[in-house]
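Tertiary structure, described
Read off the chains here:
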Amino acid sequence: MANGQWFPQDWPERIRALARGTLTPVVPRRAATVMLLKDGGAGAGPSVHMLRRRASMAFAGGAYAYPGGGVDPRDEERGIRWAGPTRAWWARRLDVDEVAAQAIVCAAVRETYEEAGVLLAGATPDTVVGDTTGADWEADRADLVDRKVSFAEFLDRRGLVLRSDLLGAWTRWITPEFEARRYDTFFFVAALPPGQRTRNASTEADRTVWIRPGEAVAGYERGDLLMMPPTLATLRQLAPYAAAADALADAPARDLTPVLARARLEDGGIVLTWPGHDEFTRHVPTDPPTGGAPA
């Protein structure tokens, strides 16, 4: 681990296998994650909600991340109750077809509710639900997590519409080709709705925090907070904002060209880079010492 960057032990060998042509990349699964923002007082700037993945998790165990997860095939259901920009608008914004656009936006809202208890939906296109912490809400959330109901069925049960206008598409990262688990992840920003509050509702996390982006970056640089490159990069991007509304206002103009790590052979070793993010560059020996990956 360099600073607080998550660096899997098997990456060097998988990178070498990819370079040799003996590793077939896994097709990435579409996913969505949401950076929930909450304004602070006295010009302190917004805080972002983060969760720490359990150390036992196969992917990025112990790393801090945002609520999110993979698309459920049922997120593509056409019957989903919808408000905000049209599916066609989201398809253009995300550079996918309309079915995929709906699924990605739906996954962002659904996963935020499943993992943080925050629901970006309302009874009408211009309202949002308040407190979602009652026992009946928890029962519905558990049914979603267990896949007993689809998100469309959940919204129908509650008489709610998904508020796609409460989301701002921020960036897109694709897991490197040499990783065993790969995701094509769309990062969104959203403001915590009035009356709602986050909680650790995820079985994949052992801790949640509200933290200002700059403080989280400082924790990474001290080696106190473990993070993957996309998490650190987005925290740096959020740090300058004085309010959640400012970040949401800037989201529509942000570049969503996917960030994909590259590995190349150079001077007897492997150089791992993330285009546009030089701080994550890593030099991996072709024959590392026994004991795992260098940081």
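For the structure, see preceding data.
Below, the structure is looked at part by part. (Residues numbered from 1 in each chain as written. Predicted model: local features only at pLDDT ≥ 70, side-chain atom pairs only at ≥ 80, totals over all residues. Heavy atoms only, no water.)

1. Overview of the packing of helix 4 (residues 135-145) against helix 5 (residues 151-158)
Going by this rule: Only the contacting stretch of a helix is used when fitting its axis, a line to C-alpha atoms as for every element, and angles between N-to-C directions run 0 to 180 degrees. A run of DSSP states H or I qualifies as a helix once it reaches four residues; a run of E qualifies as a strand once it reaches two. Both are numbered from the N-terminal end. An angle below 35 degrees is read as roughly parallel, one above 145 as roughly antiparallel, one from 65 to 115 as roughly perpendicular, and any other as oblique. With the far helix as reference, a near helix turned anticlockwise by less than a right angle produces a left-handed crossing, and one turned clockwise produces a right-handed crossing. Here, residues are in contact when the closest pair of their heavy atoms is within 4.5 Å. When residues are grouped by polarity, Ala, Val, Leu, Ile, Met, Phe, Trp, Tyr, Cys and Pro land in nonpolar, Asp, Glu, Lys and Arg in charged, and all others, Gly among them, in polar.
The geometry of helix 4 relative to helix 5 is characterised by a closest axis approach of 10 Å and an angle of 160° between their N-to-C directions. In this view, helix 4 runs roughly antiparallel relative to helix 5, as classed from their interaxial angle. Along this stretch, helix 4 crosses helix 5, giving a crossing that reads as right-handed. Counted together, Asp136, Trp137, Asp140, Asp143 and Leu144 of helix 4 and Phe151, Phe154, Arg157 and Arg158 of helix 5 form the full contact between these two elements. Classifying every residue of the contact of helix 4 with helix 5 gives four nonpolar, no polar and five charged.

2. Notes on the nonpolar core
For clarity, the cut-off: Each nonpolar core is a collection of buried residues, namely Ala, Val, Leu, Ile, Met, Phe, Trp, Tyr and Cys, held together in the definition by side-chain atoms within 4.5 Å. Burial classes follow relative accessibility: with a 1.4 Å probe on protein chains only, a residue under 20% of its type's maximum area counts as buried, one over 50% as exposed, and anything between as partly exposed.
Core analysis: the biggest nonpolar cluster contains 42 residues, and Leu94, Leu119, Phe151, Leu167 and Phe188 have the highest contact counts within it. When residues of this core are traced back to their parent elements, those giving at least two are strand 1 (29-38), helix 2 (87-94), helix 3 (98-116), helix 4, helix 5 and strand 9 (183-191). Counting 37 residues, the second-largest nonpolar core is a separate cluster that includes Ile15, Leu37, Met50 and Ile270.

3. Observations concerning the packing of aromatic side chains
To keep things clear, this is the line we draw: To pair, rings of Phe, Tyr and Trp, with the six-membered ring standing in for Trp, must have centres within 6.5 Å; the planes then decide the type, stacked if under 30 degrees apart, edge-to-face if over 60, and tilted in the middle. Counted as over-ring charges are cases with an Arg CZ or a Lys NZ within 6 Å of the ring centre that also lie within 35 degrees of the ring normal.
Taken as a whole and judged by the stated rule, the model has nine aromatic pairs. Centre to centre, the rings of tryptophan 89 and tryptophan 90 are 4.9 Å apart; their planes meet at 85°, and the pair counts as edge-to-face. On the basis of relative accessibility, which here comes to 32%, the residue tryptophan 89 falls in the partly exposed class. Within the aromatic cluster, the residues linked to one another by ring pairs are Tyr113, Trp137, Phe151 and Phe154. Lying over the aromatic face of tryptophan 137, arginine 158 brings its terminal NZ or CZ to 3.7 Å of the ring centre. Directly above the aromatic system of tryptophan 170 lies the positively charged group of arginine 254, at a separation of 4.2 Å from the ring centroid.

4. A closer look at the sheet that holds strand 5 (residues 82-83)
What holds strands together in a sheet is hydrogen bonding between their backbones, with the strands either parallel or antiparallel. To be explicit about the condition: For two strands to be treated as a pair, DSSP must find no fewer than two bridges joining them.
If you trace the three strands from one edge of the open sheet to the other, you get 5-7-6, paired in mixed fashion. Of all the strands in the sheet, the pair left with one neighbour each is strand 5 and strand 6 (121-122). With two bridges connecting them, strand 6 and strand 7 (residues 161-163) associate as antiparallel partners. Counterpart to alanine 121 in the pairing with strand 7 is leucine 162.

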